[in-house]
Amino acid sequence: SMQSNPTKLESLNQTIKKYNAALVSAKQGRDDLAIIQLKKVISLNPHFVKALQLLALLYMKNGETEKAVKVEYFTVATVWLPKSQIQLSEEEKKES
């Protein structure tokens, strides 16, 4: 569990702090800074969906559609597809 792993908990706290900082930058219209901060967040936690969504949004807002699409693909490949695979295997177990 998280409690038994203080380093994992600390790393999660750091990730959330960095995400919140990126959120503040984005709200202040400092998109370049927010994008740099979000990339750091995602490198720490590639499954942080809110960070991925905000990054895609900022790319779209700044006309960088191609980058936004890449982020969306990454999110689907790393977050949603693995989850749906798990759900499918759970369904298969129920049926058998």
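Residues numbered from 1 in each chain as written. Predicted model: local features only at pLDDT ≥ 70, side-chain atom pairs only at ≥ 80, totals over all residues. Heavy atoms only, no water.

A. The arrangement of helix 3 (residues 49-61) in detail. With 13 residues, helix 3 extends 18 Å from end C-alpha to end C-alpha; this agrees with the ideal 18 Å at 1.5 Å per step. For helix 3, the complete set of buried residues consists of Val-49, Ala-51, Leu-52, Leu-54, Leu-55, Ala-56, Leu-58 and Tyr-59. Buried residues along helix 3 sit in contact with helix 1 (6-27), helix 2 (31-44) and helix 4 (65-95). Immediately downstream of helix 3, the backbone of Gly-63 shows phi near 75°, a positive value. (Helix = DSSP H or I, 4+ residues; strand = E, 2+ residues; numbered from the N terminus. Expected span 1.5 Å × (residues − 1). Buried < 20%, exposed > 50% of the residue type's maximum accessible area, 1.4 Å probe, protein only. Contact = heavy atoms within 4.5 Å.)

B. Geometry of the environment of Leu-88. Its location among the elements puts Leu-88 in helix 4. Taking relative accessible area as the criterion, Leu-88 reaches 47% and is therefore assigned partly exposed. Distance in space between the C-alpha atoms of Leu-88 and Leu-52 is 24 Å, their sequence separation being 36 residues.

C. Layout of the packing of aromatic side chains. Under the definition given, this model contains one aromatic pair. Plain terms: the ring middles of Tyr-19 and Phe-48 are 4.9 Å apart, the flat faces sit at 40° to each other, and that makes the pair tilted. With Tyr-19 in helix 1 and Phe-48 in the loop between helix 2 and helix 3, this pair connects stretches of sequence that are 29 residues apart. For Tyr-19, a relative accessible area of 11% translates into the label buried. For Phe-48, a relative accessible area of 14% puts it in the buried group. (Phe/Tyr/Trp six-rings, centres within 6.5 Å; stacked < 30°, edge-to-face > 60°.)

D. Region of the structure containing the pattern of salt bridges. Tallied over the full model, the rule gives two salt bridges. The partner of Lys-61 in a salt bridge is Asp-31, and the shortest N-O contact between them spans 3.0 Å. Placement of the pair is Lys-61 in helix 3 and Asp-31 in helix 2, with a sequence separation of 30 residues. A relative accessible area of 56% places Lys-61 in the exposed class. The residue Glu-64 makes a salt bridge to Lys-67 at a minimum N-O spacing of 3.1 Å. Look at Lys-67 and you get partly exposed, because its relative accessible area is 39%. (Salt bridge = Lys/Arg side-chain N within 4 Å of Asp/Glu carboxyl O.)

E. Summary view of the packing of helix 2 against helix 3. The contact between helix 2 and helix 3 brings their axes to 10 Å, and the two run at 150°. Judged by the inter-axis angle, helix 2 sits roughly antiparallel to helix 3. Crossing of helix 2 against helix 3: the hand is left-handed. Each of Asp-31, Ala-34, Ile-35, Leu-38, Lys-39, Val-41 and Ile-42 in helix 2 lies in contact with helix 3, whose residues at this interface are Ala-51, Leu-52, Leu-54, Leu-55, Leu-58, Tyr-59 and Lys-61. When its residues are assigned to classes, the contact of helix 2 with helix 3 shows 11 nonpolar, no polar and three charged. (Axes fitted to C-alpha atoms, helices over the stretch in contact; angles between N-to-C directions. Parallel < 35°, antiparallel > 145°, perpendicular 65-115°, else oblique. Left-handed = near helix turned anticlockwise from the far one by under 90°. Nonpolar A, V, L, I, M, F, W, Y, C, P; charged D, E, K, R; others polar.)

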